[in-house]
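# Remarks on the overall topology
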Amino acid sequence: MPMYRQPPYDDQNIFAKLLRGEIPSDTVYADERVLAFRDINPQAPVHVLVIPKGRYVSFTDFSADASAEEIVGFWQAVAAVTRQLGLESSGYRLITNMGPDSAQSVPHFHVHILAGLAFSHVMVIPK
Ligand code: 5GP
């Protein structure tokens, strides 16, 4: 199988537009490096997307190319959102999609925070 090469960052992707304020978002958290907002098509009662403000396509280039400050700041922001939304006692699921098999639809790195219902142990549902 040929090695998958992810595309270069596309400044026209929907989250880039959202970061530039060209489309609205239901923001739940923002700091210098991170934005979190509610998913437009929620898959659970709580469905928030957390994104770095930097230009990263997926977890692959974020983990390889982002600075230590960006990486730590990003995961601290994910944790801050879970606390802000009061999810620590009921729990939550974090998901990030990368690459052809993952069904990633927006090529700007993002982590889904899903909560508000009891999930199944089955985490993988094939197409
Ligand atoms: P992916 O499939 O790439 O992991 O997730 C992309 C997510 O972005 C989907 O859950 C989709 O509903 C969400 N999404 C796509 N376009 C928009 C938008 O314009 N605004 C918001 N808030 N979410 C979006």
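Our structure is the block above this text.
The shown structure was predicted, so the numbers you read here are calculated from the model rather than taken from an experiment. (Residues numbered from 1 in each chain as written. Predicted model: local features only at pLDDT ≥ 70, side-chain atom pairs only at ≥ 80, totals over all residues. Heavy atoms only, no water.)

Near the ligand, the surroundings consist of 16 residues, among which Asp39, Asn97, Ser105, His110 and His112 are the closest. Measuring from an oxygen atom of the ligand, one finds a side-chain N or O atom of His112 at 2.8 Å. Considered on its own, the ligand offers 520 Å² of accessible surface; in the complex 83% of this is hidden by protein. Counting atoms within 2 Å of the grid points, the majority share of the ligand lands in the largest pocket. Among the residues forming the shell around the ligand, the class breakdown is 8 nonpolar, 6 polar and 2 charged. (Near = heavy atom within 4 Å. Polar contact = N/O pair within 3.5 Å; in protein donor to acceptor, adjacent residues only side chain to side chain. Areas by Shrake-Rupley, 256 points an atom, 1.4 Å probe, with all protein chains shown as cover. 1 Å grid on protein atoms, 1.4 Å probe; cavity = no way out; pocket = protein on both sides within 12 Å on 5 of 7 lines; lining within 4 Å. Sits in = over half its atoms within 2 Å of the grid points. Nonpolar A, V, L, I, M, F, W, Y, C, P; charged D, E, K, R; others polar.)

Let us now look at helix H3 (residues 68-84). End to end, H3 covers 24 Å across 17 residues, agreeing with the expected 24 Å (1.5 Å per residue, within 8%). Along H3, the residues that are buried comprise Glu70, Gly73, Phe74, Ala77, Val78, Ala80, Val81 and Thr82. Those residues of H3 that are buried are in contact with strand S1 (27-30), strand S2 (34-38), strand S3 (46-52), helix H2 (59-65), strand S4 (93-95) and strand S5 (111-115). Two residues or fewer after H3 comes Gly86, characterised by a positive phi angle close to 70 degrees. (Helix = DSSP H or I, 4+ residues; strand = E, 2+ residues; numbered from the N terminus. Expected span 1.5 Å × (residues − 1). Buried < 20%, exposed > 50% of the residue type's maximum accessible area, 1.4 Å probe, protein only. Contact = heavy atoms within 4.5 Å.)

Let us now look at the pattern of salt bridges. Applying the stated criterion to the full structure yields 3 salt bridges. Salt-bridge contacts for Arg55 lead to Asp11; the nearest nitrogen and oxygen are separated by 2.9 Å. Taken together, the residues Arg55 in the loop between S3 and H2 and Asp11 in the segment before helix H1 (14-19) connect sequence positions 44 residues apart. Of the residues examined, Asp11 reaches a relative accessible area of 33% and is grouped as partly exposed. Two residues, Arg38 and Asp26, come together in a salt bridge whose shortest N-O distance is 3.9 Å. Taken as a pair, Arg38 in strand S2 and Asp26 in the loop between H1 and S1 lie far apart in primary sequence, 12 residues in all. (Salt bridge = Lys/Arg side-chain N within 4 Å of Asp/Glu carboxyl O.)

Limitation: the analysis is restricted to geometry and does not speak to function.
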